[in-house]
Amino acid sequence: MSNPVVHFEVVGKDPKKLQGFYSSIFGWKINADNPMNYGLVEAGREGAIGGGIGGAEGSPHATFYIAVPDPQATLNKIEQLGGKTVVPVTVIPNMVTFAMFTDPEGNLVGIVNEEPPQ
């Protein structure tokens, strides 16, 4: 598959509660030891993808992230085809470069740069 799904995310108003919920049900190992209290979910086995569970200012939602070589070029194409940019290309130093969009039906999807930021 070109441009694979590489990360999932579940966010809501009480991230600690969500982290406990998913960890208790599925046995997921979640590490939220960071300033944002964003819980990184370990993939745990070959063929699985890792994810994150964190807080959200807006509505709770679940989404997935797709690896792309050029996030801005991808957003440009998304907008040409009827999607809308929700979060412009954003760099979190030493972690990730990402953006988010809605498809023509309003589904929230993320994209991440295939190469980690320097």
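Enquirer: Could you clarify how one ought to interpret helix 2 (residues 71-80) in this entry?
Expert: Side chains three or four residues apart in an α-helix point the same way, a direct result of the helix having 3.6 residues per turn. Buried residues of helix 2: Pro71, Leu75 and Ile78, and no others. Viewed end-on, helix 2 has its buried residues packed into an arc of 60°, placing them on one side of the element. Among the exposed residues of helix 2, those pointing more than 90 degrees away from its buried face are Lys77 and Gln80. Among the structural elements, strand 5 (61-68), strand 6 (84-92), strand 7 (96-102) and strand 8 (108-113) are those in contact with the buried residues of helix 2. One side-chain oxygen of the residue at the start of helix 2 lies 3.2 Å from the amide nitrogen of glutamine 72, identifying that residue as aspartate 70. Positive phi appears at glycine 82, one or two residues downstream of helix 2, with a value of about 105°.

Enquirer: What is the right way to look at the packing of aromatic side chains in this model?
Expert: Each pair of aromatic rings is reported with the distance of its centres and the angle of its planes. The final tally for this structure, using the stated rule, is 5 aromatic pairs. Geometrically, the ring pair formed by tyrosine 22 and tryptophan 28 is stacked, given 5.5 Å between the ring centres and 10° between the ring planes. With a centroid separation of 5.2 Å and an interplanar angle of 25°, the aromatic rings of phenylalanine 26 and tryptophan 28 are classed as stacked. Aromatic ring contacts, followed pair by pair, group Phe8, Phe21, Tyr22, Phe26 and Trp28 into a single cluster.

Enquirer: So what exactly am I meant to see when it comes to unusual backbone geometry here?
Expert: Note: most residues except glycine have negative phi, and most peptide bonds are trans. Positive phi values are uncommon outside glycine, yet asparagine 37 reaches one of about 55°. By the element assignment, asparagine 37 lies in the loop between strand 2 (30-31) and strand 3 (39-41). Asparagine 37 sits in the partly exposed class, given a relative accessible area of 37%. Unlike most non-glycine residues, asparagine 94 shows phi in positive territory, near 60°. Looking at the element boundaries, asparagine 94 is found in the loop between strand 6 and strand 7.

Reading the values: the criteria
Residues numbered from 1 in each chain as written. Predicted model: local features only at pLDDT ≥ 70, side-chain atom pairs only at ≥ 80, totals over all residues. Heavy atoms only, no water. Buried < 20%, exposed > 50% of the residue type's maximum accessible area, 1.4 Å probe, protein only. Helix = DSSP H or I, 4+ residues; strand = E, 2+ residues; numbered from the N terminus. Arc of directions from axis to C-beta. Contact = heavy atoms within 4.5 Å. Polar contact = N/O pair within 3.5 Å; in protein donor to acceptor, adjacent residues only side chain to side chain. Phe/Tyr/Trp six-rings, centres within 6.5 Å; stacked < 30°, edge-to-face > 60°.

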